[in-house]
Amino acid sequence: MDKVYEIDTLIAKDINAYLESHQNKLLLRFITCGSVDDGKSTLIGRLLYDSKMIFEDQLAQLKVDSKKMGTQGNKIDFALLVDGLAAEREQGITIDVSYRFFSTKKRKFIVVDTPGHEQYTRNMVTGASTADLAVILIDARKGMLTQTCRHSYLCHLLGIQNFVLVVNKMDLVDYNQEVFDSIVYNYYEFAKRIGIQNLTSIPISGLKGDNITIRSDSTPWYNGLTLIDHLESIKLGQTGDKTQNFCMPVQWVNRPNSDFRGFSGKITAGSIKIGEEVVILPSKKTSHVERIVTFDGDLNMASNGQSVTITLKDEIDCSRGQIISSSNSPPKVADQFNTTLIWMDEKKLIPGRAYYMKIGVQTVMATIAEPKYEINVNTLEHMAADSLKLNSIGVAILTTDVSIPFTPYAENKTLGGFILIDKFTNSTVGAGLINFALRRTQNIHWQNVNITRDDHAILKKQKPAVIWLTGISGSGKSTIANAVEKKLNRMNRHTFLLDGDNIRHGLNKDLGFTEVDRIENIRRVGEVAKLMTDAGLIVITAFISPFESERQIVRKMMSPGEFIEVFINTPLHIAEKRDVKGLYSKARLGQLKNFTGIDSPYEPPEKPEINIDTTSMSIDEAAEKIIKKLFSF
Amino acid sequence: MKQAQTHLARLESESIEIMREVISETDNPVMLYSVGKDSAVMLHLAKKAFYPSLPPFPLLHVDTTWKFKDMYKLRDKVAKVTKMELIVHQNPKAKEKGINPFDHGVLHTDIWKTEGLKQALDKYRFDAAFGGARRDEEKSRAKERVFSFRTAQHLWEPRVQRPELWSLYNARKAKGESMRIFPLSNWTELDIWQYIYVENIEIVPLYFAAPRPTVIRNGMLIMVDDDRFPLEMGEKPVIRSIRFRTLGCYPLTGAIESKASTLIEIIQEMLLTTTSERQGRIIDKDQGVSMEAKKQQGYF
């Protein structure tokens, strides 16, 4: 043991030498995969115990707990050290991701411990996203299980380069070499198939401590390294990242006074020197690095992993979310991608719905098409899917509302990995990896036209706008929209009214009333309204448009100030009492499905430009109020 | 092939990245400053993260009126030197009721600290609070996120924590909800000490051994820091050479007998020691998973 771990005598004798060596240690983060029955927690507990990361008081508590739980008779149950949350201790399973720390003479380690059951795929993916290496545990008595495949696949998917196959509980199979060899053979076959390249296999017993820190006498046929020796000798600093060109997403613009304007961020690839040329993305403006500023003094050069503040020679526009990159081969920019998605929320993916997408330090809006397929994580088969549910993994086309700089995940994780956030619950609902950008949008260029939207507007002597009326069925949208258009028409304004029911007879007659179809309905209307404003018109729309996220998408399509959201605010019971079209009574009888306000939600606007309370305002007054607001912009 | 960063450089850079994200993605952040060694490191990292600007947030000390005198001294000095705003919050209800560690036991921590913290966050409408907790401190902390979401009632729900992938932190929340941010999540106690040593960071002198007046209570060595301490009839504090591994309210913080009076000696002693850091704190030992229960109620 002294060979491997901190030697107390060195600490006692020459603490300075010890600190010096400790200071220069490198850090290895690894993830352990396998279920509770494979002895994962026991193995981790053993690593902590052997490296003296367990203190006397913890040990005393552990002995008491071990006896109380009674799973190991009178022996110490190392697993109890690791399973932290009360619920986990009761159920004897690991629910969440947890992080453990230990160090040996040569290295520091962070162990990422994640649950093995299929319903915790998201936790495993989370753990794997930051790991340098994966330890795959197999119970020698059971051999490869479905979950072994799943764990290996997920780790590989998340870009882990190094794999260690640990065949545990060798003591229970009499340290039989044939058992070990056959498991290893099977695993290698599988590993080859999914593309794992760096793989080492070790026979161990977590309970007895064989081949963990000391070579075991029970496995004379094994000539390889112990687990710890192996973890200490794996080469570090080699991520899967192939990009060597400098790249730094700007996290924060540093302006202590008017004389200093620096861009703070963490370098995610390559290195940079003072004087080198850089390009800002997506604006593509170029400049040169003037200073590399840190608290500890200016640097001449900085590289991957360092957090710095850069100042540029020219005063060019650069803000949070943009990227400073070396000017030779900067990351590409696109707005449509082939992605692999991991769904992490109880509520399933809704194709067409807008989610926040955080990539690098930028947050944009993204919509996802129906998945091309879902991947069965146990068999790796592709299955047809129209959505993704909790813990599903699939491939789908994702479109962002603005073009973003990116790198495929396989080349650089920082600009290729992203999370998806629900706009209302603010939960992280999914994670994704960019596989490649689609050529389609890259190759369709905007055709320049000579007559611009301004020309159209000037000819009509008006400022185009979209007056977007939203509200539940029977709230009075169509009536008010009609009144507004009549008044504008009398004022010689060029208008057009898009009405929900009318559009559904034509352009959108292929759409129903499911959440997905409602979203598409609004998207199309938004695009049509946009074209009409380009033609110089004042567009009035009357759609229930129940979801805030879709209304926001339409708002973002328009130029600032051109979108006027009008909330036709009528309480449900009043609209239901009016029931002009008899729809509420049908819905109440269950003859109409997905009816807004009854069995489908309506999300009131957060900040509408105009709020019309129809219980206290006549149609004429409402129309007047809207027109007054229109001309105030 | 470029040399990989050492672990301290990697940790420092990661913490800086976290702090910059918070500034950019929350409206009104604050740094909880408890005057301990972890706070000292956290504040030092904040200076680095925003240099040449000052850290763009105030410091908040949730005071219980029972901290060591040396802690108050350093706190005020730090505020002066850094030129950062220091907010000191003392729960007025606790003050009014005279809640103290001798008569009220566990309630003392609940009311002064947990309630006090919630009050302060609500009063100033802070939507993000930096804390110096580390994952290596305690089992339930090992599962804590870096960006830890709290409900409008300041509750922590361990079962519905947001997945945290790569270094993509989700700071979105509704009105009234808040985040606790732990930039030191991946640091260990040794890393903290080593960083203090390498960066020459000032810490409270109580971490260094010196002769101090002590008594023994419930098997713990307690320092008599002022005359509010109820001595038993005829009891006289004994001068012992002691130091503290962790700092809190003085009547609740156990000291260790030690001669380690330099940073190097402290580190040496820590590495050779066999008791864990939180053992010096009475509040953790109520029951097997008491820290988890406390966290759910809103204790840091």
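Bear in mind the structure is a predicted one, so any value in this text is a computation, not a measurement. (Residues numbered from 1 in each chain as written. Chains lettered and ligands numbered in written order. Predicted model: local features only at pLDDT ≥ 70, side-chain atom pairs only at ≥ 80, totals over all residues. Heavy atoms only, no water.)

Trainee: I'd like to hear about the overall build of chain B, residue by residue, with values.
Mentor: Counting its regular elements, chain B contains 9 helices and 10 strands. Residue burial in chain B is summarised as follows: out of 300 residues, 61% are buried. Long-range pairs, those at least 24 residues apart, make up 73% of the contacts in chain B between residues at least 6 apart in sequence. Taken as a whole, chain B presents about 11,700 Å² of accessible surface, with 52% of it coming from carbon and sulfur. (Helix = DSSP H or I, 4+ residues; strand = E, 2+ residues; numbered from the N terminus. Buried < 20%, exposed > 50% of the residue type's maximum accessible area, 1.4 Å probe, protein only. Contact = heavy atoms within 4.5 Å. Areas by Shrake-Rupley, 256 points an atom, 1.4 Å probe, with all protein chains shown as cover.)

Trainee: Kindly report on the confidence of the model for chain A, identifying the contributing residues and their values.
Mentor: Here chain A averages 87 in pLDDT, and 90% of its residues register 70 or above. Confidence drops under pLDDT 50 across residues 1-6 of chain A; counting only partners more than four residues distant or on other chains, this segment forms 24 contacts. (pLDDT = per-residue confidence, 0-100.)

Trainee: Now, about helix H15 (residues 515-534) of chain A: what can you tell me, with residues and values included?
Mentor: Residue and element names in this part refer to chain A. Here H15 spans 29 Å end to end across 20 residues, near enough to the 28 Å set by a 1.5 Å rise per residue. Looking at the buried positions of H15, the neighbouring elements they touch are helix H12 (453-460), strand S24 (465-470), strand S25 (495-499), helix H14 (500-505), strand S26 (538-542) and helix H16 (548-557). Immediately beyond the C-terminal end of H15, within one or two residues, lies Gly 536, with a positive phi of roughly 95°. (Expected span 1.5 Å × (residues − 1).)

Trainee: With reference to specific residues and values, describe the sheet that holds strand S28 (residues 610-613) of chain A.
Mentor: All names here are of chain A. Strand order in this open sheet of 5 strands is S25-S26-S24-S27-S28, and the pairing throughout is parallel. Because the sheet does not close on itself, it has two edges, and the strands there are S25 and S28. Taking each pair of neighbouring strands and ignoring which way they run, the sheet shows an average axis angle of 20°. H16 rests against S24 and strand S27 (563-569) of the sheet, and its axis sits at about 150° to S27. (Pairing = 2+ DSSP bridges. Axes fitted to C-alpha atoms, helices over the stretch in contact; angles between N-to-C directions.)

Trainee: Just give me the short version of the packing of aromatic side chains, but keep the residues and values in it.
Mentor: Counted under the stated rule, the structure contains 27 aromatic pairs over all chains. Summarising the aromatic geometry, the rings of A:Phe30 and A:Phe102 are spaced 6.5 Å apart at their centres and angled 85° between planes, so their arrangement reads as edge-to-face. Separated by 72 residues along the polypeptide, A:Phe30 in strand S1 (residues 26-33) and A:Phe102 in strand S2 (residues 98-103) bring together distant segments of the chain. For the pair A:Phe30 and A:Phe102, one class covers both residues: buried. Between B:Phe50 and B:Phe57 the ring centres are 5.9 Å apart and the planes differ by 85°, which places this aromatic pair in the edge-to-face class. Comparing B:Phe50 with B:Phe57, the two get one shared label, buried. Among the aromatic residues, ring-to-ring pairing joins B:Trp66, B:Phe68, B:Phe102, B:Phe229, B:Phe244 and B:Tyr250 into one connected group. Positioned above the aromatic ring of A:Phe547 is the side chain of A:Arg353, whose terminal nitrogen or guanidinium carbon lies 4.8 Å from the ring centre. Here the guanidinium or amino end of B:Arg172 rests over the ring plane of A:Tyr356, the centre of that ring lying 3.7 Å away. (Phe/Tyr/Trp six-rings, centres within 6.5 Å; stacked < 30°, edge-to-face > 60°. Lys NZ or Arg CZ within 6 Å of the ring centre and 35° of its normal.)

Trainee: Tell me about the sheet that holds strand S7 (residues 210-217) of chain B, residues and numbers included.
Mentor: Residue and element names in this part refer to chain B. The 4 strands lie next to each other as S8-S7-S9-S10, forming an open sheet whose pairing is antiparallel. This sheet does not close on itself; its edge strands, each paired only once, are strand S8 (220-223) and strand S10 (256-257). Taken together, the 2 bridges between strand S9 (residues 238-243) and S10 define a ladder with antiparallel strand orientation. When the bridges of S10 are listed, Arg 243 appears paired with Ile 256.

Trainee: Now, about the packing of helix H2 (residues 15-23) of chain A against helix H8 (residues 263-272) of chain B: what can you tell me, with residues and values included?
Mentor: The geometry of a pair of packed helices is captured by two quantities: the angle between their axes and the separation between those axes. It is at 10 Å that the axes of H2(A) and H8(B) come closest, and there the two elements cross at 80°. Judged on the interaxial angle alone, H8(B) and H2(A) are roughly perpendicular. Contacts between H2(A) and H8(B) involve A:Ile15, A:Asn16, A:Tyr18 and A:Leu19 on the former and, on the latter, B:Ile264, B:Ile267, B:Gln268 and B:Leu271. Of the residues assigned to the contact of H2(A) with H8(B), the class counts are 6 nonpolar, 2 polar and no charged. (Parallel < 35°, antiparallel > 145°, perpendicular 65-115°, else oblique. Nonpolar A, V, L, I, M, F, W, Y, C, P; charged D, E, K, R; others polar.)

Trainee: How would you sum up the environment of B:Pro55? Please name residues and give values.
Mentor: Residue and element names in this part refer to chain B. Here Pro 55 is to be found in the loop between helix H2 (37-50) and strand S2 (59-63). Owing to a relative accessible area of 7%, Pro 55 belongs among the buried residues under this scheme. Sequence spacing of Pro 55 and Met 84 is 29 residues, and the spatial spacing of their C-alpha atoms is 7.5 Å. The contact partners of Pro 55, leaving out residues within four places of it in the chain, are Ala 46, Lys 47, Phe 50 and Met 84.

Trainee: Mind laying out the pairing of strand S6 (residues 198-203) of chain A, listing which residues take part and the relevant values?
Mentor: Residues and elements named next belong to chain A. One ladder, built from 6 bridges, connects strand S5 (residues 162-168) with S6; its direction is parallel. The residue of S6 that forms the bridge with Val 164 is Thr 200. Crossover S5 to S6 through helix H9 (residues 177-194) is right-handed. (Right-handed = clockwise from strand over helix to strand, strands pointing away.)

Trainee: So what about the side chain of A:Thr340? Which residues, and what values?
Mentor: Residue and element names in this part refer to chain A. Mapped onto the fold, Thr 340 is located in strand S16 (residues 332-343). Judged by relative accessible area, Thr 340 falls into the buried class, the value being 6%. Polar side-chain contacts of Thr 340 include one of 3.0 Å to the side chain of Asn 435. Setting aside residues up to four positions removed in sequence, Thr 340 forms contacts with Leu 157, Ile 393, Gly 394, Val 395, Ala 431, Gly 432, Leu 433 and Asn 435. (Polar contact = N/O pair within 3.5 Å; in protein donor to acceptor, adjacent residues only side chain to side chain.)

Trainee: Could you give me a rundown of the environment of A:Thr200, with the residues and numbers involved?
Mentor: All names here are of chain A. Tracing the sequence through the fold places Thr 200 in strand S6. Judged by its relative accessible area of 25%, Thr 200 is partly exposed. Residues Thr 200 and His 230, spaced 30 residues apart in sequence, show a C-alpha to C-alpha distance of 8.7 Å. Contact partners of Thr 200, with chain neighbours within four places excluded, come to Phe 163, Val 164, Leu 165, Tyr 188 and His 230. A distance of 3.4 Å separates the side chain of Thr 200 from the side chain of His 230, its partner in a polar contact.

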